[in-house]
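# Report on the structure
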Amino acid sequence: ILTFSTLLIYLLLPMSTTGATSLPVSGLTVSPAIQQISLTKGQTDYSFNAQVANNSSVPITVDLSANDFTALNSYGRVAFYNNSSTPLNNVHGLAKWIEPSISQFDLSPGENKTIPVSIVNTGTLAPGGHYGAIIYHVVHRGSNSKGYSISSNEEISTLVFLTTENKGTQSIRLGNPSLSSLVFNIPNTVNLVITNTGNTQTAPRGLVTITNSSNKEVARGIINIDSGLVLPATSRLYAVGIRNETKIVYPGLYHIRISYRADANPTSQSYSKDFILINEAIVLGLSILLLLIAILLIRTFKPHAVYKFKRN
């Protein structure tokens, strides 16, 4: 209980950025995490270096393999195929063309190793986008200086995205956004589901703007500020943060416009919708006023009591 309470207090305290230090990394680390390749005309091979570091206190042995992957869900997560489970019609696969220079190596505690990686025979790839991953799997951990043996099942990857020389096709489609026609506040987030209808992975770009009845911009948000990719024939959810451009937003009729495009496509598409903003304070004030009017009307038109007297 004491430990939990201390941790909770620590988490609730405001963080200071002055003199802040990051926590030490323990385990296997790899750089780059993502490698993007765009082939030029006539280029049939491509090479890059991967940096692998052992940040633990024990020696480790690492296996290297190349695997294809696909989108796991609309949140940008991926699922890796085993080489035996890769679909036969995986036209965007890249694993067969990825060749690490070695398949297994040892790392001492604190050691960093450079692994050359080649993408070969790219002229045999179908036009468009392709993607695969280099998987670094820790198959063995040794003992530390005190003789303690540590075991774990650790894997880390480098995702490789390649676009052929003709660049393929990049196009996207916006799903119908879930936007209400009557709101109490300007939304601070707009969720957009974007589907890749082309044959090449792409990063959607665009802008969300909200204007009032006088066509004055009151809020805006940038689509995909982190440059997250959406894979061909898949959909991804992008949460767009909306920032107010003015301090005071009055009730009334407003207009939201979503302009979007694929990264390599200069032509934008758009979606528009009108909505009515009702300020919460005004709603509360009107409710109180209507309640007072109702009470006054009830008191004014309340029937008088009728008394009957019996004659003796």
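The rules behind the values
- Residues numbered from 1 in each chain as written.
- Predicted model: local features only at pLDDT ≥ 70, side-chain atom pairs only at ≥ 80, totals over all residues.
- Heavy atoms only, no water.
- Buried < 20%, exposed > 50% of the residue type's maximum accessible area, 1.4 Å probe, protein only.
- Helix = DSSP H or I, 4+ residues; strand = E, 2+ residues; numbered from the N terminus.
- Pairing = 2+ DSSP bridges.
- Axes fitted to C-alpha atoms, helices over the stretch in contact; angles between N-to-C directions.
- Contact = heavy atoms within 4.5 Å.
- Polar contact = N/O pair within 3.5 Å; in protein donor to acceptor, adjacent residues only side chain to side chain.
- pLDDT = per-residue confidence, 0-100.
- Phe/Tyr/Trp six-rings, centres within 6.5 Å; stacked < 30°, edge-to-face > 60°.

Before going further, it helps to examine the pairing of strand S4 (residues 60-67). Every other side chain in a regular strand lies on the same face of the sheet, so the side chains alternate between the two faces. For S4, the buried fraction is high: six of the eight residues fall into the buried class. Here S4 runs beside strand S8 (residues 104-107); their pairing, made up of four bridges, is antiparallel. If you follow isoleucine 60 over to S8, its bridge partner there is leucine 107.

Another aspect to go through is the sheet that holds strand S3 (residues 46-54). Taken together, the four strands give an open sheet; going across it, the order is S1-S3-S9-S7, and neighbouring strands pair in antiparallel fashion. Looking at the sheet topology across the chains shown, the edges are occupied by strand S1 (28-31) and strand S7 (98-100). Each strand of the sheet is rotated relative to its neighbour by a mean of 25 degrees, with strand direction disregarded. Taken together, the eight bridges between S3 and strand S9 (residues 112-119) define a ladder with antiparallel strand orientation. Following the sheet pairing, phenylalanine 48 is matched in S9 by valine 117.

Tracing the sequence through the fold places serine 56 in the loop between S3 and S4. Sequence separation between serine 56 and serine 108 is 52 residues, and the spatial gap between their C-alpha atoms is 8.8 Å. Apart from residues lying up to four places away in sequence, serine 56 is in contact with Gly27, Pro109, Gly110 and Arg141. Polar contacts involving the side chain of serine 56 include one to the side chain of asparagine 54, which spans 2.6 Å. Within the structure, the side chain of serine 56 is placed 3.1 Å from the backbone oxygen of valine 58, a separation counted as a polar contact.

Another point: unusual backbone geometry. Omega for the bond connecting serine 31 with proline 32 falls within 30 degrees of zero, at 5 degrees, which places this linkage in the cis form. Counting through the fold element by element, proline 32 comes out in the loop between S1 and strand S2 (34-38). Phi at asparagine 121 takes a positive value of approximately 50 degrees, unusual for a residue other than glycine. Turning to its location among the elements, asparagine 121 is positioned in the loop between S9 and strand S10 (129-141). Of note, the phi angle at asparagine 215 is positive, near 65 degrees, even though the residue is not glycine. Secondary-structure assignment places asparagine 215 in the loop between strand S15 (205-212) and strand S16 (217-223).

The subject of this paragraph is the side chain of arginine 236. Locating arginine 236 in the fold gives a position in strand S17 (residues 235-241). Here the side chain of arginine 236 touches leucine 229 through a polar contact of 2.6 Å, landing on its backbone oxygen. The residues touching arginine 236, leaving out its near neighbours within four places in the chain, are Ser74, Tyr75, Gly76, Leu192, Val193, Ile194, Gly228, Leu229 and Val230.

As summarised here, the arrangement of the five strands in space is S2-S11-S10-S4-S8, forming an open sheet in which the pairing is mixed. The open sheet has two free edges, formed respectively by S2 and S8, since each of these has just one partner strand. Ignoring which end each strand starts from, the neighbouring axes of this sheet average 20 degrees apart. Alignment of S10 against strand S11 (residues 155-163), held across nine bridges, turns out to be antiparallel. When the sheet's bridge partners are listed, glycine 129 is paired in S11 with threonine 163.

The next thing to look at is the confidence of the model for the protein chain. With 82% of its residues at a pLDDT of 70 or more, the protein chain shows a mean pLDDT of 85. Looking across the protein chain, the model is least confident in helix H1 (residues 2-12), with a mean pLDDT of 37, and most confident in strand S12 (residues 172-174), with 97. Low pLDDT (under 50) marks residues 1-23, which in the prediction has one contact with non-local residues, meaning those over four places away or in another chain.

Before going further, it helps to examine the packing of aromatic side chains. Applying the stated criterion across every chain, the model contains five aromatic pairs. Measuring from ring centre to ring centre gives 5.9 Å for phenylalanine 69 and phenylalanine 161, while their planes differ by 80 degrees; the resulting arrangement is edge-to-face. Placement of the pair is phenylalanine 69 in strand S5 (residues 69-71) and phenylalanine 161 in strand S11, with a sequence separation of 92 residues. As far as burial versus exposure is concerned, phenylalanine 69 and phenylalanine 161 are alike and both buried. Measuring from ring centre to ring centre gives 5.9 Å for tyrosine 254 and phenylalanine 275, while their planes differ by 20 degrees; the resulting arrangement is stacked. Here tyrosine 254 is found in strand S19 (residues 252-261), whereas its partner phenylalanine 275 is found in strand S20 (residues 269-277), with 21 residues between them in sequence.

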